[in-house]
Amino acid sequence: MYSKLISTTELAAHLDDPSFVIVDVRHDLSEPETWGETQYRAAHIPGARFAHMEHDLAAPKTGKNGRHPLPSPENTAAFFGRLGIDESKQVVAYDSGGGMYAPRLWWMLRWLGHDAVAVLDGGIAKWTRERRPTTAEVPRVVAATFPIRRVEPTISAADVLASLADHSLTLVDARGAERFRGEVEPIDPVAGHIPGSVNRPYTENLEADGTFKQPDALRAEFSDVIGTAPPTTIVNTCGSGVSACHNLLAMELAGITGTKLYPGSWSEWSADPSRPVAKGSS
């Protein structure tokens, strides 16, 4: 079972394996409705099916629940079933490279108890650099019944707010440093971060070629950010609960297991003007 990462070589050996379900999660925040599916229909890894970040991996927005609200477990399970995923399937998620989006699918499957899911290390960028096969053919998918084995707990805005006084949670923000400090905010209407958060841009989890750093390196770097905080008190945040999953995966690779996700993240937090906002490096 692949439960964190899978290499391009390993995936290539399983392209004809009926127990594998490959999912293309390419997305672009600047063209959220069309870019990912356009890329998928032009060329994708053979057998891959497409998951749309806005429609398949997020619930409708209300203006108060963030930019990528977490769907209900039942709706999520129904979508996974439409992808042909059941308890017997090994799932592989990939994006364009760098892994900003594929870990969201990785996390959502694990959220509902499906541990046989891995992110393609290096994404389709590494796959195509290695001249591995792609196709424009959309596969015929046989729907399945996806069982909800468990629903892992997540962190809410109320949980975060309640923790601020006693610092009972360690909030790790995956956004870029300038956004974290509140110097720029290209997406959300309010700049800054949740008070008490620490910053670990998700891009720092990667080598120059877009693959993940080795576990020892990740562990050392995360230790510099989170200190001795117990993993069960660590909460991953970002702009909308997407790139935070990248840090969550990197922590798992580093052996820092049991951390949680605040799905609403900054886009939900900052939508309520009564919630405190911090700027600067801390």
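The notes below deal with the structure included here. (Residues numbered from 1 in each chain as written. Predicted model: local features only at pLDDT ≥ 70, side-chain atom pairs only at ≥ 80, totals over all residues. Heavy atoms only, no water.)

## Regarding empty space enclosed by the protein
No. 1: One pass over the structure, following the stated rule, counts one cavity of 30 Å³ or more.
No. 2: Considered as a void within the structure, the largest cavity measures approximately 40 Å³ in volume.
No. 3: Lining the largest cavity we find Asp95, Gly98, Gly99, Val119, Leu120, Asp121, Gly122, Gly123, Gly210 and Phe212.
No. 4: Here the residues of the lining of the largest cavity are counted per class, giving three nonpolar, five polar and two charged. (1 Å grid on protein atoms, 1.4 Å probe; cavity = no way out; pocket = protein on both sides within 12 Å on 5 of 7 lines; lining within 4 Å. Points joined across faces, edges and corners; volume = space filled by probe spheres on them. Nonpolar A, V, L, I, M, F, W, Y, C, P; charged D, E, K, R; others polar.)

## A look at the pattern of salt bridges
No. 1: Counted by the stated rule, this structure contains 19 salt bridges.
No. 2: In this structure, arginine 132 engages glutamate 130 in a salt bridge whose closest nitrogen and oxygen atoms are separated by 2.7 Å.
No. 3: The structure contains a network of salt bridges with shared partners spanning Arg67, Asp173, Arg175, Arg179, Glu185 and Asp188. (Salt bridge = Lys/Arg side-chain N within 4 Å of Asp/Glu carboxyl O.)

## With respect to the side chain of threonine 233
No. 1: Of note, threonine 233 is situated in the loop between helix 8 (215–226) and strand 8 (234–237).
No. 2: Residue threonine 233 is classed as buried on the basis of its relative accessible area of 18%.
No. 3: In terms of polar contacts, threonine 233 uses its side chain to reach the backbone carbonyl oxygen of proline 230, at 2.8 Å.
No. 4: Those residues in contact with threonine 233 that lie beyond four places of it in its chain are Ser168, Leu169 and Thr170. (Helix = DSSP H or I, 4+ residues; strand = E, 2+ residues; numbered from the N terminus. Buried < 20%, exposed > 50% of the residue type's maximum accessible area, 1.4 Å probe, protein only. Polar contact = N/O pair within 3.5 Å; in protein donor to acceptor, adjacent residues only side chain to side chain. Contact = heavy atoms within 4.5 Å.)

## Looking at the sheet that holds strand 6 (residues 170–173)
No. 1: The strand order across the open sheet built from four strands is 7-6-8-9, with neighbouring strands paired in parallel fashion. The open sheet terminates on both sides in strands that have one partner only, identified here as strand 7 (198–199) and strand 9 (260–261).
No. 2: In this sheet, strand 8 lies alongside strand 6 in parallel orientation, the contact comprising four bridges. Across the sheet, threonine 170 pairs through a bridge with isoleucine 234, a residue of strand 8. (Pairing = 2+ DSSP bridges.)

## A short note on unusual backbone geometry
No. 1: With a phi close to 55°, histidine 167 is a non-glycine residue in the positive phi region.
No. 2: Structurally, histidine 167 is set in the loop between helix 6 (157–163) and strand 6.
No. 3: The exposure class assigned to histidine 167 is exposed, which follows from its relative accessible area of 61%.

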